[in-house]
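Given next are the chains, with one letter for each unit.
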Amino acid sequence: MVCPLIPMVALTGKPSREWVHDRLLELRQGGIEQFMLYPRSGCELEYLSEEYFAACENFIQEAQSLGFSSLWLYDEFNWPSGQCGGRVQAANPDFGLQLLQCVPTAAGEWECTVTIDPRYPNLLNAKAMEYFMQLTHEAYAKRFGSLFGIFIKGVFTDEPSPGYGANYFKDQQGVRKIPYYPEFEAEYEAFHHVPFRQDLSNPQFAERCQRVVAERFRKNYFDRLRSWCEKHKLILTGHLMSEWAMRPARNHNGDPLLAITGFGMPGCDDIFTRPTIKDFEWLTLGTVQYGIRKRQNGGIAELFAYGPADMPLSRMNAMFYLTALFGVNHYFLAVSQLDFRGNIGKYAWFNPYSADQPWWDNMPLLAESSKKAARLAERKAAPEVGVRYPAECIEITDLLKSLVRRQIPWHLIGTEENCSDEVEVIAPYSGGYRLERSGGDYASLNALFDKLETIFLRKVTVFDENGNLCNNVFVRVFADGGAFIQDMSDVPASRKIKVLRNGTSVEYELGGRCGIELPAWEVLRDRDNIFRASFGLDGQFDFELTEPMRLKFAVRSYHAIEAELDGKKIVAADSAQWLSKGFQGLYRGCEISLAAGKHSCRKLSGDDIYPFLPSIWIAGDFAVTGNKLQRDFHDGNGLTMFAGVLTQTAMVDIPRNAVGISCDTDELVTELFIDGQSLGTCIDRPFFWSIPAQYRGRRVNIKIRRQTSIAPSFGNVLGFRNFHPDWVNDVYNGQYPIKHFVVEMDFKVL
């Protein structure tokens, strides 16, 4: 895997080729395999001049000689993107940012005038953007186009926005400031079927106007740049402006979800590095996660630019994992200057990502950890609660924080988007919250969560050492059955937690800012799962299939049973070879294909009073929940009646200092393997295996093989006590139940 850390290498001064070589070599020695060439303050070469491109060529050639995998281009000098260092606005006054200032008059009308701010480009003006791309993108293509898609991987666009200084809502004087371009009023009327100036007093005007600007921003900027990049085999990446809260995000982008999906590889900006629940940028990461899921091409985060310069690596590492849990698998490190003369122009923040840091010798450890984080980003999440992006410009940050504190995983969905596998959908509006699936409106967060607790079943629950729901961790559960728990406490201190998963409670120690990965176990059976038909007093047994299945039926022929299925007699004429030998001569079998839905089995004759000679057994490749049979996802769920050999496998990171593995196996006979090598079989406590030295500090394949008793196949037979004397009641099944259908490992460091 290519290291996902991408330093933003600031081209400062007039660097010699030797200086470039030395600084890039330091990056390679730190485990870095790709970087972005970043023109910014401190560069003493004329931007996009022949001298500038000659320096770029030095970077490219030295990077290739040092074995870098790729290089990224930045499409601007400093930021925001779209201006080519101010040349776009200088070429034509109309190419500067235009705002339509709408002032209410005493007569109840509106006076509208266009103002121009030459500090920013007008990203809504088609000719301005054509000129920007001609100056920038075409210039790079002319010099380095032969490397596009081969060594040069993509283009980073930084904080583009048509909304600098905009305010769609009335200020204290009732004035509105709307991003403007020549076709704006005509497009507004075409979109909303009312003239713009007649709609200025509409209570929904701000949101209606944002929608028009959003469509234009997406088409004129993102679609234009992405199409060019795709044509030249490049990836368009970067991030939006002001993603952290609803009002600024909409002022700058119109519709942030529409804008973020305009990237080829969506990105976000989290340069303040505040990895606590109360301060983390939940809306920022929720927005980029939305784009990543739509584009299916990974995502990026610009990180750490504001520092401080003494930020510990543990804090940086926490950010890799936190952003990865939202799908981010590329981490742009701001900033790695060639030298620090750029601090004259950008003096307020400083966090050098270079060998100037005394800790740089340990950078390879951080690089390796970032690879583990990036692997998390590529895993699909289990079904979650959807939070609908509100049509009204209302803040939802408190809602997102509360969901995290209550360990209810969530993701954003579009304002008008159809839902698919969401457990529930929360639709915030100015009066409260609406639940779209179960119905109901809730005026407060407390009322909302009282209802959600009855709907959402946590697959992983984290408790503090006092047994209370832990409210300062972030929990992400994956579709493959794995999970990750990230510490987000205010103080980075070690503490004990208890994690409940698959019916198993395991105690862990969080080391402050660190996270815990719970493996995605694949649980396989050595034979069919089994399901006992438990007839009621009326002689009927009802069950349900979630999808069509072909099932095996074993009907008792000794003290024979006759039964019908869905009104038709069950004809069991074959030998039930799938039962163990002791039962084969006592049962006859058949196979029946059944459709999805509810089915009913009725006993026509015979007694159903024998705990260990069931009237009917049903077997097949299924999992069981209650009386519902569903597809076995091999995650350990639905095996309460399975009797046989359970084998679970997963890729697991073995800590460097781990000397052994212990696990609560329900005292079943257990054999443990690492990378196919058996570490032996345990039949008694402690169920502990020493880890050979060659496996420590590595990601390995763990296999755990357990052999059950025959007892689970009979189901819960406590209901048969009425047929037997009291003196046998204490030896019924259930004294030694299988509770842990998936074993969670506990590394013992001795």
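Here the structure is a predicted model, which means the values were calculated and not measured.

**As for empty space enclosed by the protein**
Then, in step 1: Applying the stated criterion to the full structure yields 4 cavities of 30 Å³ or more.
Then, in step 2: Reported here for the largest cavity is a volume of approximately 70 Å³.
Then, in step 3: Forming the boundary of the largest cavity are V9, R23, L24, E26, L27, S336, Q337, L338, S354 and A355.
Then, in step 4: Going through the elements one at a time, α1 (17–29) and β11 (330–337) are the ones with two or more residues in the lining of the largest cavity.
Then, in step 5: Of the residues forming the lining of the largest cavity, the biggest block, 4 residues, is contributed by α1.
Then, in step 6: Tallied by class, the residues present in the lining of the largest cavity amount to 5 nonpolar, 3 polar and 2 charged.

**Topic: the nonpolar core**
Then, in step 1: If you look at the biggest cluster of nonpolar residues, it comprises 136 residues, and the most contacted ones within it are F184, W282, F320, Y331 and Y353.
Then, in step 2: Here the element with the most residues in this core is helix α7 (residues 205–231); it accounts for 11 residues.
Then, in step 3: If near-sequence neighbours (up to four positions away) are discounted, Y353 is found in contact with L27, F304, M316, F320, L333, A334, V335, S336, W359, W360, M363 and L366.
Then, in step 4: Core analysis: the next-biggest nonpolar cluster, separate from the first, contains 32 residues, I530, F553, I570 and I618 among them.

**Remarks on the packing of helix α4 (residues 126–135) against α7**
Then, in step 1: Closest axis-to-axis distance for the α4/α7 pair is 11 Å, and the angle between their directions is 25 degrees. In terms of orientation, α4 lies roughly parallel with respect to α7. For the pair α4 and α7, the crossing hand works out as right-handed. Listed contacts from α7 to A126, M129, E130, F132 and M133 of α4 are R216, N220, Y221, R224, L225 and W228.
Then, in step 2: Considered class by class, the residues forming the contact of α4 with α7 number 7 nonpolar, 1 polar and 3 charged.

**What about the sheet that holds strand β23 (residues 522–525)?**
Then, in step 1: Read across the open sheet, the 5 strands follow the order β23-β35-β40-β37-β38; overall the sheet is antiparallel. Single-partner strands in this sheet number two, and they are β23 and β38 (677–682). Averaged over neighbouring strand pairs, the angle between their axes works out to 20 degrees when direction is ignored.
Then, in step 2: With 6 bridges connecting them, strand β37 (residues 669–674) and strand β40 (residues 699–707) associate as antiparallel partners. In the strand pairing of β40, T670 is matched with R706.

**As for the sheet that holds strand β24 (residues 529–532)**
Then, in step 1: Overall, antiparallel pairing links the 5 strands, which are arranged β24-β32-β26-β30-β29 in an open sheet. Edge positions in the open sheet fall to β24 and β29 (574–575), since each of these has one partner strand only.
Then, in step 2: Sheet topology places strand β26 (residues 549–556) next to strand β30 (residues 587–594); 8 bridges connect them, and they run antiparallel. Residue pairing across strands places V555 opposite R588, the latter belonging to β30.

**A word on unusual backbone geometry**
A negative phi angle characterises most non-glycine residues, just as the trans form characterises most peptide bonds.
Then, in step 1: In this structure, V335 follows A334 across a cis peptide bond, with omega equal to 5 degrees.
Then, in step 2: Examined against the element boundaries, V335 turns out to sit in strand β11.
Then, in step 3: Look at the link from R685 to P686: it is a cis peptide, with omega at 0 degrees.
Then, in step 4: Inspection of the secondary structure puts P686 in the loop between β38 and β39 (688–690).
Then, in step 5: Phi is positive for L48, which is not a glycine, with a value near 65 degrees.

**Digging into the pattern of salt bridges**
Then, in step 1: Per the counting criterion, the structure on display carries 45 salt bridges.
Then, in step 2: Between D490 and K278 there is a salt bridge, and its shortest N-O distance comes to 3.3 Å. Note that D490 is positioned in the loop between β19 (483–487) and β20 (495–501) and K278 in the loop between β9 (267–270) and α10 (282–295), a separation of 212 residues in sequence.
Then, in step 3: Residue D490 is classed as exposed on the basis of its relative accessible area, which comes to 53%.
Then, in step 4: Among the ionic pairs, E384 bridges to R293, the shortest N-O distance being 3.6 Å. Of this pair, E384 sits in the loop between α12 (363–377) and β12 (385–388) while R293 is found in helix α10, placing the two residues 91 residues apart along the sequence.

Rules of the game
- Residues numbered from 1 in each chain as written.
- Predicted model: local features only at pLDDT ≥ 70, side-chain atom pairs only at ≥ 80, totals over all residues.
- Heavy atoms only, no water.
- 1 Å grid on protein atoms, 1.4 Å probe; cavity = no way out; pocket = protein on both sides within 12 Å on 5 of 7 lines; lining within 4 Å.
- Points joined across faces, edges and corners; volume = space filled by probe spheres on them.
- Helix = DSSP H or I, 4+ residues; strand = E, 2+ residues; numbered from the N terminus.
- Nonpolar A, V, L, I, M, F, W, Y, C, P; charged D, E, K, R; others polar.
- Core = buried A, V, L, I, M, F, W, Y, C linked by side-chain atoms within 4.5 Å.
- Buried < 20%, exposed > 50% of the residue type's maximum accessible area, 1.4 Å probe, protein only.
- Contact = heavy atoms within 4.5 Å.
- Axes fitted to C-alpha atoms, helices over the stretch in contact; angles between N-to-C directions.
- Parallel < 35°, antiparallel > 145°, perpendicular 65-115°, else oblique.
- Left-handed = near helix turned anticlockwise from the far one by under 90°.
- Pairing = 2+ DSSP bridges.
- Salt bridge = Lys/Arg side-chain N within 4 Å of Asp/Glu carboxyl O.

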